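Here are the chains, one letter per residue:
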Amino acid sequence: MAPVIEALDLHRTYKTTTGTFRRRSLEVEAVRGVSFEIGEGELFGLLGPNGAGKTTTIKMLITLLIPTAGSARVLGRDVVDHAMWVRQRIGYVFGGDRGLYERLSAWDNLRYFAELYGVEPRRQKARLEELLDLVGLRGRERERVEGYSRGMRQRLHIARGLLHDPPVLFLDEPTLGVDPVGARELRAMISSLKDAGKTVLLTTHYMFEADTLCDRIAVVARGRIVAEGTPRELKASVASGSVVEVEVYGIEDDAVERLRSIEGVTAVTVEPRDHAQVVIVQAAPGHEPAQEVLARLDGVSVGRVSSREPTLEDAYVALVTDAPATQ
Amino acid sequence: MRRALRAVVLGGALHFKQESRNPFFLWIVICTPLVYATMAYFLFRGGQDDATLVTASLGSALMGIWSLTTTAAASTLGRQRRVGILELLVAAPTPFWLTIVPITLALAALGVYSLATGLIYVTVLFGVPVTIANPFAFCVSVLPMILSMGMLGFLFCAAFVRFRSSWMVGNLFEFPVWTLSGMLIPIAVLPVWVEPISWFVAPTWGMSALREAALGNASPWDDIGMCIALSVVYAAAGGALLRVFLRSALRRGTLALS
Ligand SMILES: Nc1ncnc2c1ncn2[C@@H]1O[C@H](COP(=O)(O)OP(=O)(O)OP(=O)(O)O)[C@@H](O)[C@H]1O
Ligand SMILES: [Mg+2]
C-alpha cells in the first residue's frame, strides 16, 4: 500500500540577519535531508530537541513552507504542486495559545474555519456542536477566547483541526502546557483518532506520551533523522545495557567526567530531583557499571542507588547526545 | 462563486466583529475626523459656502476611513502573522485572497463610523447643519466608497504579506491618497499634472459621488460606476500580486515569526 505521508530527502534553510548596524546574513540549516514514510492509519512520532527541525519539517508537509530541496507527498500528491488538493485533506494543530481570534467566541472561530474548510453550510451547526462535545468545550462556546485557559485554547485548536474530518492530521506538540488530567484526555482523544483510521504525525517532548501513543518514532537531531523504529525497537537499540540511577547531594562537573570515562558508559546525565540530584548512567550492552560508578563517586554524598531497564527517554537521550558523532 | 461570496461576507462579518472590539481602532475612527476637520476648518476659514462645508466634512470623514484602513490593515496583518493566524489562513483550502479581502473590507466598513463623527463635528464646528440633497444616492454611494477603500487597502496588504516592514509604506500612503482623492483639498487646487493621476485612485470617484449626492448639483451615478470599476481592477491586481508574494513568503519562510 502506498504511504500516506512521504518525505523524500527534505532540506530547508532559512536566511536570517544578525546585528543591528552591521547586518550580516546568516543561513540556518534547519532540516538537512529528512526522509520517512507513514502508512495509512499509522501514528508516527517525531521526537527531537528544541530546534531540531520538527516544526520546519511539518510546515513543509502542510504546504506552509517550500522545501529548499527534496520533496514530499501527502496521499500520493506532491505538496508543492498540489497544495490546494493537499490542504483539503489534512488537518493541522499546533501547541500553544496562539492562532485564535481573541476577541471572538469559540463558536465564531470555528464557524469561520468551517467555512474556509468548505464544510457545507447546512452541516456546519451540527458539526460544530459535535466537535465542541468531543473536546469538552460545550457550554463555553459563546465566551470570548481571550478569557480561555491554556487547555481550553488547545482543545479549541484541536476542534478546528478536525472540522473537515481530514484523513491525515499533523499535531505539533498538542499537549504543550496542558495540565496532567487535560493531557491525559487529549492523549485519549489522539488515540481515538487513530482508532478512527486517521493517519497522524505527532511531535512531542513528552517521552511517555510518544511511548504510549506512537506506532513508530523518528528521532530528529540537528535537522537529520538519527533513529527510526517502534518504541520497542528504539528502547532495544540502547537496551540490554542497563541504567544506573544514583541520588547524590552536590556533584561537581569533574566527577561527572570521571563517570563518562568508565568503560562501556554511553551517556551520563544529571537531573535535579527534590533537594538532591540524580545521576543517570547508561551503559552499553554487556556492561554493568554500578560498582565502578559508586567507586568513582568517592567523596560525593550518595543517596539511593537503583538499577533499571531503559525507558524510551533513556533511548532518546542516548540518541540525541550521540548525534554530533553522526554528522 | 457562491462559496467565494460566502467566504468574503462571513470573513468580513467576523473581522468587523473582532476589530470593532479593538478600542484602539475605535479611537482612530472616532477621533481622526475631529483632527482633520479642525485642520480643514483652519485651511478654509474664509469660504463658508455650502459646498466647502460639505466637502470639508466629507473629506475629514473619508480621511478617517482611509487612515483606519491602512494603519489597521497593517497592524491586523502583523498581529495575525505574530499569532500564527496567517499561517492557518494559508493552510486552509480557500484561495488566500478570499481571506484577506474581508479584512480590509471590514476595516473600511468600520471606518463608516467616522462618516458620522465627521458630519456631526463639522456641523457643530461651522455652526451650520450639513444638508444632504439626495439622501438615497448618498447612502448608496457609501457602499462603493467602502469597496474602493477596502480594495485599495487590499492592494497594500498584498505587500504586507511579503514585506514585513511594509506597514511603514502603508502609513506613507496615507497622505498621498488623501490628497489625490480630493479629501483634504479640492483636486482643482493641485498642479494640473496631478489630476490625471487622481483618476486612477478609486476613492476619488467615491468622494466625488458622495459630494455630488450631498450637494445635488450633478448625478453621482457615473462616479459610482467608475468607483466600482476601479475597485474591481484593484481587486484583480491585488489578487495577482498576493499570489506572487504569498509564493515568495512560502519560499522565504516569512509567513510566521516563530
Ligand atoms: N522562520 C524562521 N526563520 C529563521 N529561522 C528559523 C525559522 N523557523 C525556524 N528557524 C530555525 O530553524 C531551526 C529549526 O526550528 P524548528 O522550529 O523546526 O525546530 P523544532 O524541532 O520544531 O523545535 P521545538 O522543539 O523547539 O519546537 C531552529 O534553529 C530555528 O531557529
Ligand atoms: Mg517546534
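Predicted, not measured: the structure shown is a model, and the values here were computed from it. (Residues numbered from 1 in each chain as written. Chains lettered and ligands numbered in written order. Predicted model: local features only at pLDDT ≥ 70, side-chain atom pairs only at ≥ 80, totals over all residues. Heavy atoms only, no water.)

## Considerations on the overall build of chain A
Part 1 of the argument: The secondary structure content of chain A amounts to 11 helices and 14 strands.
Part 2 of the argument: Dimensions of chain A, computed from the C-alpha atoms along their principal axes, are close to 75 × 55 × 45 Å.
Part 3 of the argument: By sequence separation, contacts in chain A at least 24 residues apart represent 70% of the contacts at least 6 residues apart.
Part 4 of the argument: Summing over all exposed atoms, chain A offers an accessible surface of approximately 14,800 Å²; the carbon and sulfur share of this is 48%.
Part 5 of the argument: In chain A, which carries 42 positive and 47 negative side-chain charges, the distance between the mean positions of the two groups comes to 8 Å. (Helix = DSSP H or I, 4+ residues; strand = E, 2+ residues; numbered from the N terminus. Contact = heavy atoms within 4.5 Å. Areas by Shrake-Rupley, 256 points an atom, 1.4 Å probe, with all protein chains shown as cover. Lys, Arg positive; Asp, Glu negative; His and termini not counted. Charge placed at Lys NZ, Arg CZ, Asp CG, Glu CD.)

## Side note on empty space enclosed by the protein
Any space left empty among the atoms is revealed by the rolling of a water-sized probe across them.
Residues and elements named next belong to chain A.
Part 1 of the argument: By the definition in use, this model includes three cavities of 30 Å³ or more.
Part 2 of the argument: There is about 50 Å³ of room inside the largest cavity.
Part 3 of the argument: Along its surface, the largest cavity is lined by Val 93, Ile 158, Leu 162, Leu 169, Leu 171, Pro 174, Met 189, Ile 190 and Leu 193.
Part 4 of the argument: Secondary-structure elements contributing two or more residues to the lining of the largest cavity are α5 (150-162), β7 (168-172) and α6 (180-195).
Part 5 of the argument: Take the lining of the largest cavity: its biggest share by element is three residues, from α6.
Part 6 of the argument: Here the residues of the lining of the largest cavity sort into nine nonpolar, no polar and no charged. (1 Å grid on protein atoms, 1.4 Å probe; cavity = no way out; pocket = protein on both sides within 12 Å on 5 of 7 lines; lining within 4 Å. Points joined across faces, edges and corners; volume = space filled by probe spheres on them. Nonpolar A, V, L, I, M, F, W, Y, C, P; charged D, E, K, R; others polar.)

## Section: the pairing of strand β6 (residues 90-94) of chain A
Residues and elements named next belong to chain A.
Part 1 of the argument: A large share of β6 lies buried, amounting to five of its five residues.
Part 2 of the argument: Residue alternation in β6 divides its side chains into two sets, Ile 90, Tyr 92 and Phe 94 and Gly 91 and Val 93, and both sets are buried.
Part 3 of the argument: Where β6 lies against β7, five bridges are found, and the strand directions are parallel. Opposite Tyr 92, over in β7, you have Phe 170 as the bridge partner. (Buried < 20%, exposed > 50% of the residue type's maximum accessible area, 1.4 Å probe, protein only. Pairing = 2+ DSSP bridges.)

## Things to note about the layout of surface pockets
Part 1 of the argument: Taken as a whole, the second largest pocket spans an internal volume of roughly 530 Å³.
Part 2 of the argument: As for the second largest pocket, its lining consists of 24 residues, of which Met 84 and Arg 87 of chain A together with Arg 243, Leu 246 and Leu 250 of chain B are closest to the centre.
Part 3 of the argument: Counting residues per element, the ones that place at least two in the lining of the second largest pocket are α2 (83-89) of chain A together with α4 (85-91) and α12 (221-252) of chain B.
Part 4 of the argument: The biggest single contributor to the lining of the second largest pocket is α12 of chain B, with seven residues.
Part 5 of the argument: Within the lining of the second largest pocket, the residues separate by chemical class into 16 nonpolar, four polar and four charged.

## What about a nonpolar patch on the surface?
All names here are of chain A.
Part 1 of the argument: Together, Leu 176, Tyr 206 and Phe 208 line one region of the surface with nonpolar side chains, adding up to about 270 Å² of accessible area.
Part 2 of the argument: Mapped onto the elements, Leu 176 comes out in the loop between β7 and α6.
Part 3 of the argument: Among the residues examined, Leu 176 registers a relative accessible area of 32% and is labelled partly exposed. (Patch = residues over 30% accessible without salt bridge, like charges linked within 9 Å, V, L, I, M, F, W, Y side chains within 5 Å. Salt bridge = Lys/Arg side-chain N within 4 Å of Asp/Glu carboxyl O.)

## Focus on the site of ligand 1
Part 1 of the argument: If you check the shell around ligand 1, you find 16 residues, and the closest are Gly 51, Lys 54, Thr 55, Thr 56 and His 205 of chain A.
Part 2 of the argument: More than one chain approaches ligand 1, the contributing ones being chains A and B.
Part 3 of the argument: Here an oxygen atom of ligand 1 sits 2.6 Å away from a polar atom, N or O, in the side chain of Thr 55 of chain A.
Part 4 of the argument: Considered on its own, ligand 1 offers 630 Å² of accessible surface; in the complex 72% of this is hidden by protein.
Part 5 of the argument: Every element with two or more residues in the shell around ligand 1 is listed here: β1 (5-18), β2 (24-38) and α1 (54-61) of chain A.
Part 6 of the argument: Among the elements that make up the shell around ligand 1, the one with the highest residue count is α1 of chain A (three residues).
Part 7 of the argument: Per-class residue counts for the shell around ligand 1 are five nonpolar, nine polar and two charged. (Near = heavy atom within 4 Å. Polar contact = N/O pair within 3.5 Å; in protein donor to acceptor, adjacent residues only side chain to side chain.)

## Description of the environment of Val 74 of chain A
Residues and elements named next belong to chain A.
Part 1 of the argument: Inspection of the secondary structure puts Val 74 in strand β4 (residues 69-74).
Part 2 of the argument: For Val 74, a relative accessible area of 1% translates into the label buried.
Part 3 of the argument: Spatially, the C-alpha atom of Val 74 lies 22 Å from that of Ser 192, the residues being 118 residues apart in sequence.
Part 4 of the argument: Dropping the residues within four chain positions of it, Val 74 is found in contact with Val 4, Leu 61, Val 79, Trp 85, Val 86, Ile 90, Val 168 and Phe 170.

## Re the environment of Thr 20 of chain A
All names here are of chain A.
Part 1 of the argument: Mapping Thr 20 onto the fold places it in the loop between β1 and β2.
Part 2 of the argument: Overall, the relative accessible area of 64% leaves Thr 20 in the exposed class.
Part 3 of the argument: As a C-alpha pair, Thr 20 and Arg 224 span 204 residues in sequence and 32 Å in three-dimensional space.

## What to know about the packing of helix α7 (residues 135-162) of chain B against α12 of chain B
Helix-helix packing is characterised by the crossing angle of the two axes and by the distance between the axes.
Residues and elements named next belong to chain B.
Part 1 of the argument: Following both chains from N to C, one finds α7 and α12 inclined at 20 degrees, their axes separated by 7 Å at the closest point. Between α7 and α12, the crossing angle belongs to the class labelled roughly parallel. Helix-helix and strand crossings are classified by hand; for α7 and α12 the assignment is left-handed.
Part 2 of the argument: A breakdown of the residues in the contact of α7 with α12 according to their chemical character gives 25 nonpolar, six polar and two charged. (Axes fitted to C-alpha atoms, helices over the stretch in contact; angles between N-to-C directions. Parallel < 35°, antiparallel > 145°, perpendicular 65-115°, else oblique. Left-handed = near helix turned anticlockwise from the far one by under 90°.)

## What about the domain arrangement of chain A?
The extent of an interface is frequently quoted as the accessible surface area lost upon association of the parts.
Part 1 of the argument: In terms of domain boundaries, chain A breaks down into domain 1 (5-230) and domain 2 (242-309).
Part 2 of the argument: Summarising the inter-unit geometry, the C-alpha centres of domain 1 of chain A and domain 2 of chain A are found 38 Å apart. (Domains from an automatic or database assignment.)

## What to know about the sheet that holds β6 of chain A
Residues and elements named next belong to chain A.
Part 1 of the argument: Read from one edge to the other, the open sheet built from six strands follows the order β6-β7-β8-β3-β9-β10, with strand pairing classed as mixed. Because the sheet does not close on itself, it has two edges, and the strands there are β6 and β10 (224-229). The average undirected angle you get between the axes of adjacent strands in this sheet is 15 degrees.

## Things to note about the pattern of salt bridges
Residues and elements named next belong to chain A.
Part 1 of the argument: This model, assessed by the stated rule, comprises 25 salt bridges over all chains.
Part 2 of the argument: Residues Glu 257 and Arg 260 are paired through a salt bridge, measuring 2.9 Å at the closest nitrogen-oxygen approach. Of the two residues, Glu 257 and Arg 260 are both situated in helix α9 (residues 253-260); the distance of three residues between them amounts to about one turn of the helix.
Part 3 of the argument: Classification of Arg 260 by relative accessible area gives partly exposed; the value is 40%.
Part 4 of the argument: Taken together, the shared-partner salt bridges in this structure form one network comprising Glu 42, Arg 216 and Glu 228.

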